[in-house]
Amino acid sequence: MASYVRVVLAIALLAAAASSTLATDFVVGDEQGWNVGLDYQAWAQGKEFHVGDRLVFRYPKGAHNVHQVDEAAFLQCAPPTTSVPLTSGYDAIELSQPGNNYYLCGIDHHCATGNLKLMVTVLPQVPAPPNFLPQVPDPPIIFPRLPIPPNNLPHVVPAPPDNFPQVPNPPYNWPHFSAAGYACFDYFAWIVAACGVLMMIPV
């Protein structure tokens, strides 16, 4: 996403720089060109001429010419004898200095009677924007925070399964006496009792 934003900003800045530095060609008189009987000051009104732009004078070759003169020669419609006119029929003049620039036709009375003259005010060149791109920081990478399990979880002892084998208790074997045995036991019991009685009689 950040790289896409940088590309868009770069294209916008380059377009702005190109629009401010590319020269504009102004065809004097538009479709009618450089000819007598036109009001060229009205044509120039509302237009902005900058250093680097060009004025293009179109006319039938040999019918007119173009002199670039100073203000005094412009007002008198009289180009100096040292002035060398442009005569190609498609004369492109680059505006190199800010201020007022004066042009006229030097053939016959085209300037005085045909109003074939032009004055334009040239503005300084529009400066291009600085050639740098704003630094767009990348968004931070946020990792999800995993919860920490608590330390006091109860210790659960699993219960034994229901099918645990049942071990029976071993049987208690009581001693078995016969009838003679019981009679013998009774006989010794009487003897012990008699001895005890005799011991209690004082001598």
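As a starting point, this report considers the structure included with it. (Residues numbered from 1 in each chain as written. Predicted model: local features only at pLDDT ≥ 70, side-chain atom pairs only at ≥ 80, totals over all residues. Heavy atoms only, no water.)

## Here we look at the sheet that holds strand E6 (residues 99–104)
1) Next: A sheet is described by the order of its strands in space; here four strands give the open sequence E2-E7-E6-E4, paired in mixed fashion. Looking along the sheet, the strands with just one partner apiece sit at the ends: strand E2 (49–50) and strand E4 (67–69).
2) Next: Sheet topology note: the E4/E6 ladder contains three bridges and is antiparallel. Counted as the bridge partner of glutamine 68 is tyrosine 103 from E6. (Pairing = 2+ DSSP bridges. Helix = DSSP H or I, 4+ residues; strand = E, 2+ residues; numbered from the N terminus.)

## Description of the sheet that holds strand E5 (residues 90–94)
1) Next: The strand order across the open sheet built from three strands is E1-E3-E5, with neighbouring strands paired in mixed fashion. If you trace the sheet from one side to the other, it starts and ends with strand E1 (25–27) and E5, each paired once. The mean inter-strand angle of the sheet, taken between neighbouring strand axes irrespective of direction, is 25 degrees.
2) Next: In terms of strand pairing, E1 meets strand E3 (residues 54–58) through three bridges, oriented parallel. Bridged to valine 27 within E3 is valine 56. (Axes fitted to C-alpha atoms, helices over the stretch in contact; angles between N-to-C directions.)

## Side note on the nonpolar core
1) Next: The biggest cluster of nonpolar side chains holds 20 residues, and the ones touching the most others in it are Trp34, Leu55, Phe57 and Leu118.
2) Next: Those elements that place two or more of their residues in this core are helix H2 (40–44), E3 and strand E7 (117–123). (Core = buried A, V, L, I, M, F, W, Y, C linked by side-chain atoms within 4.5 Å. Buried < 20%, exposed > 50% of the residue type's maximum accessible area, 1.4 Å probe, protein only.)

## Here's the deal with the packing of aromatic side chains
1) Next: Evaluation of the coordinates by the stated rule reveals six aromatic pairs.
2) Next: With a centroid separation of 6.1 Å and an interplanar angle of 40 degrees, the aromatic rings of tryptophan 43 and phenylalanine 49 are classed as tilted.
3) Next: The structure contains a cluster of three or more aromatic residues connected by ring pairs, namely Trp34, Tyr40, Phe57 and Tyr103. (Phe/Tyr/Trp six-rings, centres within 6.5 Å; stacked < 30°, edge-to-face > 60°.)

## Structural notes on the state of the cysteines
1) Next: Tallied over the entire structure, the rule returns one disulfide.
2) Next: With a sulfur-sulfur separation of 2.0 Å, cysteine 77 is cross-linked through a disulfide to cysteine 111. With the S-S bond torsion at -65 degrees, the cross-link from cysteine 77 to cysteine 111 turns out left-handed. Placement of cysteine 77 in the loop between helix H3 (71–76) and E5 and of cysteine 111 in the loop between E6 and E7 is noted, with a sequence separation of 34 residues between them.
3) Next: Not part of a disulfide, cysteine 105 finds its nearest cysteine sulfur in cysteine 111, a span of 8.0 Å. (Disulfide = S-S within 2.5 Å.)

## Quick word on the pattern of salt bridges
1) Next: A full pass over the atoms with the stated rule returns one salt bridge.
2) Next: Arginine 54 serves as the salt-bridge partner of aspartate 25, at 2.8 Å between the closest nitrogen and oxygen. Of the two residues, aspartate 25 sits in strand E1 while arginine 54 sits in strand E3, which places them 29 residues apart along the sequence.
3) Next: Of the residues examined, arginine 54 reaches a relative accessible area of 33% and is grouped as partly exposed. (Salt bridge = Lys/Arg side-chain N within 4 Å of Asp/Glu carboxyl O.)

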